[in-house]
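# Geometric and topological summary
Listed here are the chains, written in short residue letters.
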Amino acid sequence: VEIDVIPSMARLPERLDQYLFSVRHMVSTAAVFMREGERAPASVAEVAALRLVVARNSSPLSYVRRKGWLEHTQVVPTTDEALRAVAAGRAEACLSNQLVGLSVLRNLKLEDKITPVFTLPDSSVDFCMVVHRTAGELLARLNDGLLIASERGDLQRHREKWLPAFESVASHAHMRLLM
């Protein structure tokens, strides 16, 4: 089976040779996820001092590489495994794309055990549709559709419809940080 379009993928430098990326349809940042009750880091320097875990082939792994933290970061196959490692105490914190991490927490039913505690300020990543390198015509049609959807407000409406649960969880966790 050949896939024509991947609807959402982080545009990372190491992926640019493999795929053609559409215009972005969303921007997301990486977050630090820790066990409830643990002291949240107050700075990026404090994040760097934690025993970290990150999913292979993810935008947070690219961030860890860029920061030079790879030698003290455990790399696991999936975000599921990374968050389970934090829950089990095998790592102090998981770095994950905020929306991915919140979705995985929800699926694993770990929302009451692990929470996002810090957003990495320089970790914004564009999310785009992706096609095979030879599918330039398809990419052009996808870009046209995304631009029309954006102008009509469809992208914002879909974000509000499908992402409010994640945003409210992140907002709740952020509010606890401010208190």
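In what follows, the structure referred to is the one given above.
About the cut-offs
Residues numbered from 1 in each chain as written. Predicted model: local features only at pLDDT ≥ 70, side-chain atom pairs only at ≥ 80, totals over all residues. Heavy atoms only, no water. Helix = DSSP H or I, 4+ residues; strand = E, 2+ residues; numbered from the N terminus. Contact = heavy atoms within 4.5 Å. Phe/Tyr/Trp six-rings, centres within 6.5 Å; stacked < 30°, edge-to-face > 60°. Buried < 20%, exposed > 50% of the residue type's maximum accessible area, 1.4 Å probe, protein only. 1 Å grid on protein atoms, 1.4 Å probe; cavity = no way out; pocket = protein on both sides within 12 Å on 5 of 7 lines; lining within 4 Å. Points joined across faces, edges and corners; volume = space filled by probe spheres on them. Nonpolar A, V, L, I, M, F, W, Y, C, P; charged D, E, K, R; others polar.

What follows is about the side chain of Asn 143. Looking at where Asn 143 falls in the secondary structure, it is placed in helix H5 (residues 136-152). With near-sequence residues (within four places) excluded, Asn 143 lies in contact with Ser 22 and Val 23.

With that settled, the discussion passes to the packing of aromatic side chains. Taken as a whole and assessed by the stated rule, the structure comprises two aromatic pairs. Between Tyr 63 and Trp 69 the ring centres are 5.7 Å apart and the planes differ by 80 degrees, which places this aromatic pair in the edge-to-face class. Neither Tyr 63 nor Trp 69 differs from the other in exposure class; each is buried.

Before going further, it helps to spend a moment on unusual backbone geometry. Positive phi, close to 60 degrees, is recorded for Asn 57, a residue that is not glycine. If you trace the backbone, Asn 57 turns up in the loop between strand E4 (52-55) and helix H2 (59-67). Residue class for Asn 57 comes out exposed when judged on its relative accessible area of 55%. Its identity as a non-glycine residue notwithstanding, Lys 109 has a phi of 60 degrees, on the positive side. Turning to its location among the elements, Lys 109 is positioned in the loop between helix H4 (98-108) and strand E7 (114-119). Taking relative accessible area as the criterion, Lys 109 reaches 63% and is therefore assigned exposed.

The space that makes up the largest pocket amounts to roughly 850 Å³. Ser 8, Met 9, His 25, Met 26 and Phe 127 are, among the 39 residues lining the largest pocket, the residues nearest its centre. No other element matches helix H6 (residues 154-162), which puts six residues into the lining of the largest pocket. Classifying every residue of the lining of the largest pocket gives 21 nonpolar, 14 polar and four charged.

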